[in-house]
Amino acid sequence: MLFRTLLTTAFITLIASFSAHASEVMSEKPAISSSVAMVVTSKVEAIDHKTRVVTLKGEDGQSVTFTAGPEARNLDQVSVGDTVTAEYVQNISIQVLAAKDAEAGAAQVAAAVRTKEGEMPGMAVVGSQVEVSVVEEINIEANTFKLKGPDGVINEFTARDPANLKKAAVGDVVVMSYTQALAISVEEKAAE
């Protein structure tokens, strides 16, 4: 729950300014998005609370031993047999949006939370980067386009799909966003 709340909040914050307009032009303007999600579960095989050395055994039978740093709060709550779950999500999207007098820009946002003192250990972190470039030129014959990035530099690119050049216009913005999120939680071993 902690992970989903953090991820949802960060995602909404990043795209809120683009979403209303994006729905109007989604069918007309080019867009692409790709996501990867992974869940890894392991069991606590050994733990030394004094030295903070923990051994986890994964579903594949492989074990890994590490020393938990001081930021790993509530380690005293962890026992052999507890389940550690790590969830990872990565998303990249590129979207062309109609714009008037737009300027290139870039922004980053990151957020992290962890469980309260005395609770089972858990944390979530999310980071997003958004870069907005302005379409400066489209050359349909050469299958190229030029974008002015946040640094003011204009770079030329070759279109992967030439049909997309006909859907874009000089002055449009290309919004590229990259988001990564990681959540780790520990659940007590079920009573026998």
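See the structure shown above.
Residues numbered from 1 in each chain as written. Predicted model: local features only at pLDDT ≥ 70, side-chain atom pairs only at ≥ 80, totals over all residues. Heavy atoms only, no water.

## Focus: the pairing of strand 2 (residues 53-58)
- By the bridge criterion, six bridges tie strand 1 (residues 31-48) to strand 2 in an arrangement that is antiparallel. Paired with Asp 48 across the bridge in strand 2 is Val 53.
- In this structure, strand 2 lies alongside strand 3 (residues 63-67), joined through five bridges in antiparallel fashion. When the bridges of strand 3 are listed, Thr 55 appears paired with Thr 65. (Pairing = 2+ DSSP bridges. Helix = DSSP H or I, 4+ residues; strand = E, 2+ residues; numbered from the N terminus.)

## As for the layout of surface pockets
- Each pocket or cavity is described by its volume, and for the largest pocket that value is around 560 Å³.
- Pro 30, Ile 94, Val 96, Phe 145 and Asn 164 are the residues nearest the centre of the largest pocket, which is lined by 20 residues in total.
- Breaking the lining of the largest pocket down by element, the ones donating at least two residues are strand 1, strand 4 (83-97), strand 6 (122-139), strand 7 (144-148), strand 8 (154-158), helix 2 (162-167) and strand 9 (173-187).
- The leading source of residues in the lining of the largest pocket is strand 4, at three residues. (1 Å grid on protein atoms, 1.4 Å probe; cavity = no way out; pocket = protein on both sides within 12 Å on 5 of 7 lines; lining within 4 Å. Points joined across faces, edges and corners; volume = space filled by probe spheres on them.)

What is shown is where atoms sit, not what they do.
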